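# Architecture and fold: a report
Each chain, written out:
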Amino acid sequence: MKQILFISFYVFNVLCNLRFRDKEQLERHHSHTEVVDEFLTVHVIPHSHDDVGWLKTVEQYFYGLRNDYQWANVGYVIDSYIEELQRDENRKFIQVEIKFFKMWWDQQNETTRNITKQLVENRQLQFISGGWCMNDEATTYYEDIIDQMSLGHKFLKDTFNYIPNIGWQIDPFGHQNSQAALSYQMGFDAWFFARIDFEDKETRLDNKNMEIIMLPPAEGVQYPIFTHIQYYHYEAPPTFNFDILRRSDAIVDNQKSESYNIKERSDQLVSYFKSQSLHYKNDHLIHTFGSDFCWSNSKVFYQNLDKLIKYINMNPEYNMKLQYSTPEEYIAEINKQNTIYETKSDDFFPYSDEPHAFWTGYFTSRVAIKGYVKRLGRQAQTYRKFIALLYQQELIQDNYQNITDTIYELDNALAICQHHDAVTGTEKQHVNDDYINILYKGEQHIQKLTRKFLSQLLYNTTTIDYEQCEYNITAQQCSKTYNALKANKTVILTIIDGKVKQENNTDIIRIKVPNLKLLIKDQNNQVLYGDIDCTNGFQDCDLYFKYQIPLNNVIQYFTIQPVLYNESASEIQLTVNPFPYNEDTLITLNSTKSFKLKYAYYQSYQQKDQADGAYIFRPSNNSKIMYGNISYTAIGYGRIMSIFRIVRTYTKSVVKNFYHQKNTFDIQTFIDQIPISDQIGKNIIMVIEVPNFNSDNTFYTDSNGLQFQKRIINYRPQYNYSLHENVSGNYYPITSGIYIQDGQECVGLLNDRSQGGSSLQNGQIEIMIQRRLLQDDSRGVGEALKETDEKGNGLVQNIQHKLTFFNIEQNPNQIRKLQYYLDHQPLVFFNFDQQLPLIPQKLNWFLPFDGFNIDPLLIYGENLLKFNYILWNEDEILLRIQNMQEKFSMKIDKMGFEGQAIRTTLTGNQKWSDWKNKSLKWNYNKQENTLDQDLDDVLYPLQIQTYLIRNSELFYQQ
């Protein structure tokens, strides 16, 4: 019988989380009368969203400390649901953040562990996504995403023989199509998330387009993934969150009680789900029950849900069945239905939850942790690879457990910081400080282990006193090297270079030195030439020298000797610019290309109706204001580069042009503390302007370091965009690079950390490099973004960019080559021993793969092969290879090693062939010129393949 349901939305009695604004949107879609006559099955998903740091640190969240910030105790949550799942085999729960689960697991006795394993085996407890955290999608780099997911997946495989098959990104503030592609390659059948632009969601609700197939653009094979957009964020239906900290009324099913309410409450819930069904295409629905840090008293939550499920299911007039379920079970059901889904190839940026509230500020917020994570994440690839190489070849003597514990500490630190309230800069200051401390400890211990191994390898002792220094400290802080050179002692500089197969190619090494004349020689005693830049200060200098990338050795050394004459490197003498310089002066140096370099700022909108804050970028008006006055300019020409220095009131810039990179410029910006004495917050931008360049209101930004996304000013491909914010509404995340194009000519800018940026005018690239704000933006963090150092002063930073001019037809891989070299900056070690190191012959990155001819046979293009591997188990190595070209494929020859190199998913937890065979297939309109077949012997542009390698042919026999 046709049932007519008058659907009206009842009043919310609580909004459980300040970070989402779905109330008005939900009210609009529940305010009309509709006819719903189909039988509905509702999948009830008990879950807790547990931030790996935000208002509290990771440990504070787990142990329930600092509850004055936020009451949360993840340990209690897990204890509680484990206990309650045992009471009823129909109950389900999904666990997402594996960092917290491992902390809990490590504290359990064998009895509790066995109970948990049984719950996992009978699928009552399911692990969704399975990463160490729920990573951000705007400010994270693709390698770091894969690594944090691998850490979680390995724990689940080793502990439970469990393989997650659902992506769960319900809280990140916008979504990349690279995340969709990576999710497919991790073995996920589907991808769930909640936050999309409110106008986009309005359109999708109206068009029943809340479930789609994501088709990330690719040169070659595509990775389609089913995508579900949550109906009501990741909350329970309004007034049905039965967590003890929420204020939903309990369900009373005692008919003798004056408080009896189960019929009224069931009517409300059924009405809600009937309304939800109007916006989805299938007769199965899914809905979360939980929120942030819920279910610490699971008994209360389950008992109330038990009553509702029983009552609704036993009353056929509702024409509905509710069941405890999981996303995996929901996906399996709707996959049986012959539904055709629309596709989407662009991403879900930028995200706004209401007018004037674009979440584009966090693309830049907290620049220090963004820089630290990006740098350490790239170095970690080389650290892991170097240690695996030495251990596998038995070139070092050390305890395997000590090695893996040290690597784990680094992996854990980096994985935590991929969280969507970590590298994003949206955490409280004390939490940010804790993240930095965790990273620092991980870095220090991996450096100590690597220095020990390097000493063993090159000197057959562990006593060599190596020093490591980063570019963003002063020369004096690199004290041992500084003092040795000042004392006229020769310094030995040893590098570990992660690049592979770069025959006849050169790179630049940059190190901190005092202002001296220096003689540089390589290990073959050949003189190398360089330049010293002392624009930071007379004795705080940077030495740059060019070296030949080794073809068959991962290690090489150089000697640096102070001399009085016949030097090969000395300070570049600057000449004060004889011509008047202003913001519109063109910079050329030795290049045939020229550009203008400007610094400006947007004043922060500080009214309470919607303030500029850590998440949201909202300028008070759309006008740029020049940032600082130019007080000094100078130019100089050295042996390998020319430099141009510009001193402004609040910034100091050095533009470098290396002679072997004619049309590429390095831009170094020292940004002093942002002044706020006028009580106005500021968003600082760097602007590159190229005259007579028609970019047609179009620009391109990378997706987590992978495929470039086309952006058009004031345009969204799949919905009508109402212009609320001219500037912030056109900002996009830039993790690696941005470029503009006029015909075949392109101008690209690469960065050293994630930032927000745009091209608001033809021929311009603007990128936000720092923020200091005085108001909170009311999205939950409850703290203004006005970072200070330990002395209470505003933060200062050194920020690096590369600007490059290229023809996209003649040189389509230009940006990728620069990205490749930035990702593979060598690890640098200084020592002061009189004895020169003995470098092992032919110690190359391919040594562990004897018989596995992985040397790429290029079809076209350049050799931009990423080749990273880690110790997976004591007798196993996990290898990832990637073609870093923007265009052109590579061929891989594995002759002679087929039986011992098993291709796996990205996270190494299952055979690739097994995943492809069991993966769910969906109905959608396939695009032309795309490939369904993913060939093991071809690496398509930007594609990554993963292999598990050991000396046995027994892989995943279980």
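Here the structure is a predicted model, which means the values were calculated and not measured. (Residues numbered from 1 in each chain as written. Predicted model: local features only at pLDDT ≥ 70, side-chain atom pairs only at ≥ 80, totals over all residues. Heavy atoms only, no water.)

### Some details on unusual backbone geometry
- Cis peptide bonds are those with omega within 30 degrees of zero, and the linkage from phenylalanine 349 to proline 350 qualifies with -10 degrees.
- Take proline 350: it is sitting in the loop between β13 (343-344) and α12 (367-392).
- Phi is positive for arginine 66, close to 50 degrees, though the residue is something other than glycine.
- Tracing the sequence through the fold places arginine 66 in the loop between α2 (58-63) and α3 (74-85). (Helix = DSSP H or I, 4+ residues; strand = E, 2+ residues; numbered from the N terminus.)

### Here's the deal with helix α6 (residues 142-160)
- Spanning 19 residues, α6 covers 27 Å between terminal C-alpha atoms, matching the ideal 27 Å at 1.5 Å per step.
- In terms of residue burial, α6 counts as a mostly covered element, since 18 of its 19 residues are buried. (Expected span 1.5 Å × (residues − 1). Buried < 20%, exposed > 50% of the residue type's maximum accessible area, 1.4 Å probe, protein only.)

### Structural notes on the pairing of strand β45 (residues 944-950)
- Taken across its seven residues, β45 has seven buried, putting it largely inside the fold.
- A two-sided burial pattern is seen for β45, the buried positions comprising Ile944, Thr946, Leu948 and Arg950 on one face and Gln945, Tyr947 and Ile949 on the other.
- As defined by bridge partners, strand β40 (residues 876-883) adjoins β45 across seven bridges and the pair is classed as antiparallel. Residue pairing for β45: glutamate 876 is matched across the bridge by arginine 950. (Pairing = 2+ DSSP bridges.)

### Some words on the nonpolar core
- If you look at the biggest cluster of nonpolar residues, it comprises 230 residues, and the most contacted ones within it are Phe101, Leu493, Leu543, Ile555, Phe595, Leu597 and Phe867.
- Of all the elements, α12 adds the most residues to this core, at 12 residues.
- Setting aside its immediate chain neighbours within four residues, leucine 543 contacts Ile509, Arg510, Ile511, Val513, Leu518, Ile520, Asp531, Ile532, Ile560 and Ala569.
- Trp168, Leu215, Phe226 and Tyr341 belong to the second-largest nonpolar core, a separate cluster that totals 21 residues. (Core = buried A, V, L, I, M, F, W, Y, C linked by side-chain atoms within 4.5 Å. Contact = heavy atoms within 4.5 Å.)

### Concerning the sheet that holds strand β18 (residues 530-533)
- On the basis of which strands lie adjacent, the open sheet formed by three strands has the order β15-β19-β18 and antiparallel pairing. Whereas interior strands pair on both sides, the edge strands pair on one side only; in this sheet they are β15 (506-513) and β18. Each adjacent strand pair in this sheet contributes to an overall mean axis angle of 20 degrees, direction not counted.
- In the sheet, β15 pairs with strand β19 (residues 541-548) via eight bridges, with the strands oriented antiparallel. Bridge pairing links threonine 506 to glutamine 548 in β19. (Axes fitted to C-alpha atoms, helices over the stretch in contact; angles between N-to-C directions.)

### Details of the sheet that holds strand β22 (residues 596-603)
- A sheet is described by the order of its strands in space; here six strands give the open sequence β23-β22-β28-β35-β34-β31, paired in antiparallel fashion. The open sheet has two edge strands, β23 (625-626) and β31 (732-734), and neither has a second partner.
- Bridge count between β31 and strand β34 (residues 755-758): three bridges; the pairing is antiparallel. Bridged to tyrosine 732 within β34 is glycine 757.

### Re the UniProt feature "domain: Glycoside hydrolase family 38 central" (unreviewed entry) in the protein chain
- With numbering matched to this structure, UniProt assigns "domain: Glycoside hydrolase family 38 central" (unreviewed entry) to residues 357-439.
- Helix makes up 65% of residues 357-439 and strand 0%, whereas the separation of the span's terminal C-alpha atoms amounts to 32 Å. (UniProt positions renumbered as here; feature names shortened; annotations may be inferred.)

### Quick word on α12
- Here α12 is 26 residues long and its end C-alpha atoms lie 38 Å apart, about the 38 Å a rise of 1.5 Å per residue gives.
- By the criterion of burial, α12 is predominantly enclosed, with 24 of the 26 residues buried.

### Thoughts on the state of the cysteines
- For the structure on display, the rule yields two disulfides.
- Put simply, cysteine 469 and cysteine 478 are joined by a disulfide, and their sulfur atoms are 2.0 Å apart. Linking cysteine 469 and cysteine 478, the disulfide has an S-S dihedral of approximately 80 degrees and is accordingly described as right-handed. Each member of the pair cysteine 469 and cysteine 478 is classed as buried.
- Each sulfur of the disulfide joining cysteine 534 and cysteine 541 lies 2.1 Å from the other. One disulfide, between cysteine 534 and cysteine 541, carries an S-S torsion of 105 degrees and so falls in the right-handed class. The same class applies to cysteine 534 and to cysteine 541, which are both buried. (Disulfide = S-S within 2.5 Å.)

### Some remarks on the environment of aspartate 752
- Tracing the backbone through its elements, the reader meets aspartate 752 in the loop between β33 (745-751) and β34.
- On the basis of relative accessibility, which here comes to 17%, the residue aspartate 752 falls in the buried class.
- Taking the C-alpha atoms as reference, aspartate 752 lies 9.3 Å from glycine 737; in sequence the two are 15 residues apart.
- At 3.2 Å, the side chain of aspartate 752 and the backbone nitrogen of glutamine 800 are in polar contact. (Polar contact = N/O pair within 3.5 Å; in protein donor to acceptor, adjacent residues only side chain to side chain.)

### Quick notes on the packing of aromatic side chains
- This model, assessed by the stated rule, comprises 62 aromatic pairs.
- Their ring planes at 55 degrees and their centres at 5.9 Å tell us that tyrosine 820 and tyrosine 821 sit as a pair that is tilted.
- Within the aromatic cluster, the residues linked to one another by ring pairs are Tyr81, Phe93, Phe240, Phe242, Trp295, Phe301, Tyr302 and Tyr324.
- When the ring centre of tryptophan 872 is taken as origin, the NZ or CZ atom of lysine 154, which lies over that ring, is 5.3 Å away.
- Here arginine 716 stacks its cationic end above the ring of tyrosine 721, 4.0 Å away from the centre of that ring. (Phe/Tyr/Trp six-rings, centres within 6.5 Å; stacked < 30°, edge-to-face > 60°. Lys NZ or Arg CZ within 6 Å of the ring centre and 35° of its normal.)

### Overview of the side chain of glutamate 427
- Take glutamate 427: it is sitting in the loop between α13 (400-416) and α14 (429-459).
- Arginine 366 provides the closest opposite charge to the buried, salt-bridge-free glutamate 427, at an N-O distance of 4.0 Å.
- Of the polar contacts made by the side chain of glutamate 427, one reaches the backbone nitrogen of glycine 425; its length is 3.5 Å.
- When sequence neighbours within four positions are dropped, the list of residues in contact with glutamate 427 reads Trp54, Arg366, Ile369, Asp421, Ala422, Asn432, Tyr435, Val781 and Glu783. (Lys, Arg positive; Asp, Glu negative; His and termini not counted. Salt bridge = Lys/Arg side-chain N within 4 Å of Asp/Glu carboxyl O.)

### Let's talk about the packing of α13 against α14
- Relative orientation of the contacting elements α13 and α14 amounts to 150 degrees, with a least axis distance of 8 Å. Taken together, the axis directions place α13 and α14 in an arrangement best described as roughly antiparallel. At the point where α13 passes α14, the crossing takes the left-handed sense. From α13, Asn402, Ile403, Thr406, Ile407, Glu409, Leu410, Ala413, Leu414 and Ile416 reach across to α14, where they touch Tyr435, Ile438, Leu439, Lys441, Gly442, Glu443, His445, Ile446, Leu449 and Phe453.
- Of the residues assigned to the contact of α13 with α14, the class counts are 12 nonpolar, four polar and three charged. (Parallel < 35°, antiparallel > 145°, perpendicular 65-115°, else oblique. Left-handed = near helix turned anticlockwise from the far one by under 90°. Nonpolar A, V, L, I, M, F, W, Y, C, P; charged D, E, K, R; others polar.)

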